[in-house]
Amino acid sequence: MMRISHREFNGIICSLFLLQYTFLIPFMRYVSSTLLVAAFGLLLLLILLMKNGLTVNRNIYVFYLIFLLVIVIKVLISDSSLSVVALIVLFTLPSAFVMSYEFDYDAFMHFSIKLSKVCFVLICWIPFSSGFNYMRFGYGMLPVIIFSYLDLLYFNTKDNKYNKLNSFANVAIIVLGSIEMLMYGARGSVLSLMLFVVLDRFLVNRAFSIKNILLAVLGLVAYLNIVPLLDAFERLSKKIGIYSYAITKFKMQLRGGFEYASSGREILYAKSIAKIKEHPILGNKIVLDETGGDYVHNLFLQVAEDLGIVFLIILIVFLIYVLYKIGSKKTTRNEKIILSVLFAVSIGRLMFSSTIWRRPEFWMMVCFCLAMRSNRQIQTDNSPVSQKVRKTAC
């Protein structure tokens, strides 16, 4: 049996951690999602400890101590329950812990690509079952499509029978997964996928700018003619007896504007802005209860509401920095790809749903940025990615 290095092993664990919210979906109808993810995340952390010992990236260690200090002070001055600190640690510490270990980028990518295909088989049937959660399904399918896209364009390089079959599988997953996500997933998951494609086409693959512009024009034409397409999907969905919440909302938004299809978000936004005006510097009491969707559903408003304007500015500067790193010539291609995945999956979702405290992908992105310099892997001309880029003008 072939032995793998510590860095390769850690890359596999990082992949499992990132995709756990997808491959655990079939079990979430029987076990609480919070309990299931917490138990699986704890298992991954124990495995990492047994394999690597207690080694911590200094940058991540310092960042997390400062972050925890800010949260404790915030909870104390806002008279919040100390349980808020415990819950925030529960949701954020595993991401920081996992990203503290050096990992092999290629191992992470290749295992994620293989695991995503397994995930597709595990969840593609879910919309046709009773009582499925459309939001959970959409965001679960999102990384599956993204990794098939990456495999098709960057990693499936050899010209042989197996790779041709693999390319066909990737195309099938991208097409079928995208249709399912559009019909039965959350709108935010579709927009997150679009965000990833934009990042890849205009920041990662800037060398192919003319083709990227043509793709953007085609995308605009498709958008201008999307209502008839949505009507066709809606009729198909009704024929097979499944109501498509996402398509209904997309059509409402296209015909009546954001407010008409916002599911009450404009009211939540107005309330949040009022709270920010009341406490612009220190922010308001942090509330982690998402029951009934009674939270602001917007990353920037939530950070300003919870922590104040200063931390909103810090967040904006950080996101600009991430975009700069994705587009920088000094960033290796694997680093660009991983950053793009984490950015699209986390920020795309946080702009429309969930909260920053509960999204491990966001904290993975933060910690990945902190650990990039010490974990840097120089992209060589012989790497699969470089060979693929030279062979194809994507």
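Residues numbered from 1 in each chain as written. Predicted model: local features only at pLDDT ≥ 70, side-chain atom pairs only at ≥ 80, totals over all residues. Heavy atoms only, no water.

Colleague: How should the overall build of the chain be read in this particular structure?
Modeller: Counting its regular elements, the chain contains 17 helices and zero strands. Classification of the 394 residues of the chain by burial places 52% in the buried group. Restricting the contact set of the chain to residue pairs at least 6 apart, pairs at least 24 apart contribute 77%. (Helix = DSSP H or I, 4+ residues; strand = E, 2+ residues; numbered from the N terminus. Buried < 20%, exposed > 50% of the residue type's maximum accessible area, 1.4 Å probe, protein only. Contact = heavy atoms within 4.5 Å.)

Colleague: I tried to follow a nonpolar patch on the surface on my own but got confused; where do I start?
Modeller: A grouping of Leu42, Leu46, Leu49, Leu54, Val56, Tyr61, Val62, Leu65 and Ile66 is seen on the molecular surface, where their side chains present a nonpolar patch of about 860 Å² in accessible area. Considering every element that reaches the nonpolar patch, the biggest residue donor is helix H3 (residues 58-77), with four residues. The residue Leu46 is located in helix H2 (residues 33-52) in this model. (Patch = residues over 30% accessible without salt bridge, like charges linked within 9 Å, V, L, I, M, F, W, Y side chains within 5 Å. Areas by Shrake-Rupley, 256 points an atom, 1.4 Å probe, with all protein chains shown as cover. Salt bridge = Lys/Arg side-chain N within 4 Å of Asp/Glu carboxyl O.)

Colleague: It is not clear to me how the confidence of the model for the chain should be interpreted in this structure. Could you clarify?
Modeller: Detailed reading of the predicted coordinates is not advisable wherever pLDDT falls low. Scored by pLDDT, the chain comes out at a mean of 82, with 78% of its residues at no less than 70. Low pLDDT (under 50) marks residues 256-262, which in the prediction has ten contacts with non-local residues, meaning those over four places away or in another chain. Note that residues 378-394 has pLDDT below 50 and, in this model, 34 contacts with residues that lie over four places away or in other chains. (pLDDT = per-residue confidence, 0-100.)

Colleague: When you look at the environment of Cys369 in this model, what are you seeing that I'm missing?
Modeller: Here Cys369 lies in helix H16 (residues 360-371). Under the relative-accessibility criterion, Cys369 is labelled buried at 11%. In the structure, Cys369 is positioned 270 residues away from Met99 in sequence and 9.7 Å away in space, judged by C-alpha atoms. Once residues lying within four places of it in the same chain are set aside, the contact partners of Cys369 are Phe318, Tyr321, Val322 and Leu339.

Colleague: Would you mind going over the pattern of salt bridges with me for this structure?
Modeller: Two side chains that carry opposite charge are able to pair once their charged atoms sit near each other. What the rule picks out here adds up to five salt bridges. Among the ionic pairs, Arg7 bridges to Glu102, the shortest N-O distance being 2.8 Å. Here the residue Arg7 occupies a position in helix H1 (residues 6-23), and Glu102 occupies one in the loop between helix H4 (83-99) and helix H5 (105-123), the gap between them amounting to 95 residues. Judged by its relative accessible area of 27%, Arg7 is partly exposed. Classification of Glu102 by relative accessible area gives partly exposed; the value is 37%. A salt bridge links Lys275 to Glu305; the shortest N-O distance between them is 3.7 Å. Of this pair, Lys275 sits in helix H12 (residues 265-278) while Glu305 sits in helix H13 (residues 299-307); the two residues are 30 residues apart in sequence, bridging distant segments of the chain. For Lys275, a relative accessible area of 38% gives the class partly exposed. With a relative accessible area of 13%, Glu305 lands in the buried category.

Colleague: What's the story with the packing of aromatic side chains in this structure? I'm lost.
Modeller: The geometry of an aromatic ring pair is captured by two quantities: the separation of the ring centres and the angle between the planes. Applying the stated criterion to the full structure yields 16 aromatic pairs. Judged by centre distance (6.4 Å) and plane angle (75°), the ring pair of Phe108 and Phe147 falls under edge-to-face. Taken together, the residues span a long stretch of sequence, with Phe108 in helix H5 and Phe147 in helix H6 (residues 134-155) at a distance of 39 residues. Directly above the aromatic system of Tyr139 lies the positively charged group of Arg349, at a separation of 4.3 Å from the ring centroid. Across from the ring centre of Tyr21, 5.2 Å away, lies the NZ or CZ of Arg359, which sits over that ring. (Phe/Tyr/Trp six-rings, centres within 6.5 Å; stacked < 30°, edge-to-face > 60°. Lys NZ or Arg CZ within 6 Å of the ring centre and 35° of its normal.)

Colleague: I keep staring at the packing of helix H15 (residues 333-350) against H16 and nothing clicks. Help me out?
Modeller: Two quantities define a packed helix pair, namely the angle between the helix axes and the distance between the axes. Close contact between H15 and H16 brings their axes to 8 Å; oriented N to C, the two are set at 145°. Between H15 and H16 the crossing geometry is left-handed. Within the contact between the two elements, H15 uses Glu335, Ile338, Leu339, Leu342, Phe343, Val345, Ser346, Ile347 and Leu350 and H16 uses Glu361, Phe362, Met364, Met365, Phe368 and Cys369. Residue composition of the contact of H15 with H16, grouped by class: twelve nonpolar, one polar and two charged. (Axes fitted to C-alpha atoms, helices over the stretch in contact; angles between N-to-C directions. Left-handed = near helix turned anticlockwise from the far one by under 90°. Nonpolar A, V, L, I, M, F, W, Y, C, P; charged D, E, K, R; others polar.)

Colleague: Just to check I follow, could you spell out H16 for this structure?
Modeller: Because an α-helix completes one turn every 3.6 residues, residues spaced three or four positions apart along the sequence face the same direction. Spanning twelve residues, H16 covers 16 Å between terminal C-alpha atoms, matching the ideal 16 Å at 1.5 Å per step. Burial analysis of H16 places eleven of its twelve residues in the buried class, which makes it a mostly covered element. Looking at H16, one finds that the buried residues are Pro360, Glu361, Phe362, Trp363, Met364, Met365, Val366, Cys367, Phe368, Cys369 and Ala371. Where H16 is buried, its residues meet H1, H3, H4, H5, helix H14 (309-327) and H15. (Expected span 1.5 Å × (residues − 1).)

Colleague: Got a minute to help me understand the nonpolar core in this structure?
Modeller: The tendency in soluble globular proteins is for nonpolar side chains to be buried side by side. Of all hydrophobic cores here, the largest spans 98 residues; its most connected members are Met99, Leu150, Val341, Trp357, Phe362, Met365 and Phe368. Ranked by the residues each element gives to this core, the list is headed by H6, at 13 residues. (Core = buried A, V, L, I, M, F, W, Y, C linked by side-chain atoms within 4.5 Å.)

Colleague: Explanation requested: H14 in the structure shown.
Modeller: Relative to the 27 Å expected for 19 residues at 1.5 Å per residue, H14 spans 27 Å between its end C-alpha atoms, a close match to the ideal helical length. The complete set of buried residues in H14 reads Leu312, Leu315, Phe318, Leu319, Val322, Lys325, Ile326 and Gly327. Where H14 is buried, its residues contact helix H8 (187-204), H13, H15 and H16.

Colleague: Is there a simple way to think about the packing of H5 against H6 in this case?
Modeller: At their nearest, the axes of H5 and H6 sit 9 Å apart, and the two run at 130° to each other. Relative to H6, the element H5 lies oblique. When you trace H5 past H6, the crossing you get is left-handed. On H6, the residues that touch Asp106, Met109, His110, Ser112, Ile113, Ser116, Lys117, Cys119, Phe120 and Ile123 of H5 are Phe137, Gly140, Met141, Val144, Phe147, Ser148, Leu150, Asp151 and Phe155. The class makeup of the residues in the contact of H5 with H6 is eleven nonpolar, five polar and three charged. (Parallel < 35°, antiparallel > 145°, perpendicular 65-115°, else oblique.)

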